[in-house]
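# Examining the three-dimensional arrangement
The chain contents come next:
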Amino acid sequence: MTLFHFGNCFALAYFPYFITYKCSGLSEYNAFWRCVQAGATYLFVQLCKMLFLATFFPTWEGGAGAYDFVGEFMKATVDLADLVGLHLVMSRNAGKGEYKIMVAAMGWATAELIMSRCIPLWVGARGIEFDWKYIQMSIDSNISLVRACFAAFCGNFSPTPPVFCHTSPSLYRSFVHVFLLGSWTALLVKAVITGLLSLSSLALFVTLVHSN
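Remember, it's a predicted structure, so these values are computed and weren't measured experimentally. (Residues numbered from 1 in each chain as written. Predicted model: local features only at pLDDT ≥ 70, side-chain atom pairs only at ≥ 80, totals over all residues. Heavy atoms only, no water.)

### Considerations on the confidence of the model for the chain
Model confidence for the chain is summarised by a mean pLDDT of 79, while 82% of its residues fall at 70 or above. Looking across the chain, the model is least confident in helix α7 (residues 161-167), with a mean pLDDT of 54, and most confident in helix α2 (residues 32-56), with 88. (pLDDT = per-residue confidence, 0-100. Helix = DSSP H or I, 4+ residues; strand = E, 2+ residues; numbered from the N terminus.)

Shown next, in the form of structure tokens:
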């Protein structure tokens, strides 16, 4: 039963990435290694962010139950490095705009999936006790893929403050803490916001394509 639960979580987390890679046409362009390079850029950016945070933003030592909003906001500014990294990946890839966006988004989101959710799913989803958090983690990985496509699109055209607010994990955690959202409610809010912003960016992209 535990292995079956792990298989469900694994399929829910990873198969949408495989389907997106196959159905988006990236496999026809032999873009696998370009996606790997985008993933390597993600690892480099995250390493730089960790070093910067460890150097300039020490651990919060406030009282129990207190929340450091100022510190979290300052940490959120470091997440701008993600947009810089995405822009760097797209600037190094030659080709049509949608091709560069999909390569950067697929490589970036896949690297995030492997580094942040692979081990928790392998260790936790095979546990004796059933826990909904691994299903939530798998669903969140799909939201991250859509969010990466949205961030790559906006990073290719105009990295605006709304993009920064949406892609920042620190600001998202602060939002959840302020409104005391439950795990499923927070996931639903994240999915709705991601969907609305992604649909608006898709409409903008279609308009730009037809205008050219």
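### Focus: the environment of Thr41
Its place among the elements puts Thr41 in helix α2. Classification of Thr41 as buried rests on a relative accessible area of 13%. Non-local contacts of Thr41, meaning those with residues more than four positions away in its chain, are made with Gly85, Val89 and Trp108. (Buried < 20%, exposed > 50% of the residue type's maximum accessible area, 1.4 Å probe, protein only. Contact = heavy atoms within 4.5 Å.)

### Section: a nonpolar patch on the surface
A cluster of nonpolar residues, Phe10, Phe15, Phe18 and Ile19, forms a patch on the protein surface that exposes about 410 Å² of accessible area. Looking at where Ile19 falls in the secondary structure, it is placed in helix α1 (residues 2-23). (Patch = residues over 30% accessible without salt bridge, like charges linked within 9 Å, V, L, I, M, F, W, Y side chains within 5 Å. Areas by Shrake-Rupley, 256 points an atom, 1.4 Å probe, with all protein chains shown as cover. Salt bridge = Lys/Arg side-chain N within 4 Å of Asp/Glu carboxyl O.)

### Some thoughts on the nonpolar core
Core analysis: the largest hydrophobic core is formed by 41 residues, its most contacted members being Leu26, Met106 and Leu121. For this core, the secondary structure elements donating two or more residues are α1, α2, α4 (80-92), α5 (97-124) and α6 (133-157). When sequence neighbours within four positions are dropped, the list of residues in contact with Leu121 reads Phe6, Cys9, Ala13, Tyr14, Arg126, Tyr134, Met137 and Ser138. (Core = buried A, V, L, I, M, F, W, Y, C linked by side-chain atoms within 4.5 Å.)

### Quick word on the UniProt feature "transmembrane region" (unreviewed entry) in the chain
The residues that UniProt annotates with the feature "transmembrane region" (unreviewed entry) are residues 178-206. In the segment residues 178-206, helix accounts for 90% and strand for 0%; the C-alpha atoms at its two ends are 36 Å apart. (UniProt positions renumbered as here; feature names shortened; annotations may be inferred.)

### Quick look at the packing of aromatic side chains
Under the criterion given, the structure shown has six aromatic pairs. Here the aromatic rings of Phe10 and Tyr14 are separated by 4.5 Å at their centres, their planes lie at 25 degrees, and the arrangement is stacked. Residue Phe10 and its partner Tyr14 are both found in helix α1; the two are separated by four residues, about one turn of the helix. Of the residues examined, Phe10 reaches a relative accessible area of 35% and is grouped as partly exposed. Taken together, a centroid distance of 5.8 Å and an interplanar angle of 70 degrees make the contact between Trp132 and Trp184 edge-to-face. Of the two residues, Trp132 is situated in the loop between α5 and α6 and Trp184 in helix α9 (residues 183-211); the sequence distance between them amounts to 52 residues. Judged by its relative accessible area of 47%, Trp132 falls in the partly exposed class. The exposure class assigned to Trp184 is partly exposed, which follows from its relative accessible area of 41%. (Phe/Tyr/Trp six-rings, centres within 6.5 Å; stacked < 30°, edge-to-face > 60°.)

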